[in-house]
Amino acid sequence: MYEYISGRLATITPTNAVIDCGGVGYLMEISLNTYSAIEHLQEVRLWVHEVVREDAHLLYGFATPDEREMFRLLIGVNGVGSATARMILSSLSPEELQGAIASQDAKKMQRVKGVGAKTAQRIVLELHDKVSGTGMAADGILTTVSQSKEEALSALVMLGFPKAAADKVLQPMDGTLPVETLIKEALKKL
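Definitions and limits used
- Residues numbered from 1 in each chain as written.
- Predicted model: local features only at pLDDT ≥ 70, side-chain atom pairs only at ≥ 80, totals over all residues.
- Heavy atoms only, no water.
- Axes fitted to C-alpha atoms, helices over the stretch in contact; angles between N-to-C directions.
- Helix = DSSP H or I, 4+ residues; strand = E, 2+ residues; numbered from the N terminus.
- Left-handed = near helix turned anticlockwise from the far one by under 90°.
- Contact = heavy atoms within 4.5 Å.
- Nonpolar A, V, L, I, M, F, W, Y, C, P; charged D, E, K, R; others polar.
- Salt bridge = Lys/Arg side-chain N within 4 Å of Asp/Glu carboxyl O.
- Buried < 20%, exposed > 50% of the residue type's maximum accessible area, 1.4 Å probe, protein only.
- Pairing = 2+ DSSP bridges.
- Polar contact = N/O pair within 3.5 Å; in protein donor to acceptor, adjacent residues only side chain to side chain.

### Some thoughts on the packing of helix 7 (residues 147-158) against helix 8 (residues 163-170)
For the pair helix 7 and helix 8, the least separation of the axes is 9 Å and the interaxial angle reads 145°. Taken as a pair, helix 7 and helix 8 cross one another with a handedness that is right-handed. Side by side, helix 7 and helix 8 meet where Lys149, Ala152, Leu153, Leu156 and Val157 of the first sit next to Lys163, Ala166, Asp167 and Leu170 of the second. Here the contact of helix 7 with helix 8 is composed, by residue class, of six nonpolar, no polar and three charged.

### Let's talk about the pattern of salt bridges
Under the criterion given, the structure shown has six salt bridges. Between Arg8 and Asp20 there is a salt bridge whose closest N-O contact spans 3.1 Å. Of the two residues, Arg8 sits in strand 1 (residues 4-12) while Asp20 sits in strand 2 (residues 16-21), which places them twelve residues apart along the sequence. Here Glu185 makes a salt bridge to Lys188, at a shortest N to O gap of 3.2 Å. Residue Glu185 and its partner Lys188 are located together in helix 9 (residues 179-189), separated by three residues, close to a single helical turn.

### Quick word on the environment of Thr176
Considering the arrangement of structural elements, one finds Thr176 in the loop between helix 8 and helix 9. On the accessibility criterion, Thr176 (67% relative accessible area) is exposed. Each C-alpha atom of the pair Thr176 and Val112 lies 36 Å from the other, and the pair is 64 residues apart in sequence.

### Here's the deal with unusual backbone geometry
With a phi close to 55°, Gln104 is a non-glycine residue in the positive phi region. Examined against the element boundaries, Gln104 turns out to sit in the loop between helix 4 (94-102) and helix 5 (106-110).

### Some details on the pairing of strand 1
In this structure, strand 1 lies alongside strand 4 (residues 43-52), joined through five bridges in antiparallel fashion. The partner of Arg8 across the bridge, within strand 4, is Glu43. In terms of strand pairing, strand 1 meets strand 2 through four bridges, oriented antiparallel. For Arg8, the partnering residue across the bridge sits in strand 2 and is Asp20. Joining the antiparallel neighbours strand 1 and strand 2 is a turn of three residues.

### Thoughts on the environment of Lys130
Positionally, Lys130 belongs in helix 6 (residues 117-132). In this structure, the C-alpha to C-alpha distance between Lys130 and Ile101, residues 29 residues apart in sequence, is 9.4 Å. Of the polar contacts made by the side chain of Lys130, one reaches the side chain of Asp167; its length is 2.8 Å.

If you want it as structure tokens, here you go:
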């Protein structure tokens, strides 16, 4: 729903920041990487990911769209929640994480608090193709995976399908196909 929020940095701690935007203070959960990038700034723009739970609506803010994309990839892995993904991004930069996944270095992720051997291996297995091939450029900066696939995934989630299941069906499909075609093909498989 939100792409980014820009405004005056009202308060900041290593785990969250409040951005004053038009007189409204938005509390955002942040990683240590984002904290380091914005701690000395007065005006900021954070790229947002919203998590809606039964008991809370949370905003996660990121200094770059690349970090947000890595967060989204991480929470798409079974067993990795928002808190774990933020912890991983606090311990490893998006580029380091991409390198660890691309080289299938699960041990590097096991050093992150709260990530065990099984979770680290699952992250490597599920994200390897997404970050080592078309998902990330060779220099470690995320490229747009596929705008059509993103839109199709959003539509399927809005139709009530679980994000992980819809993403799994969309992954092998050609990202150059029109959104409507991707949705129709995915519906046949869901």
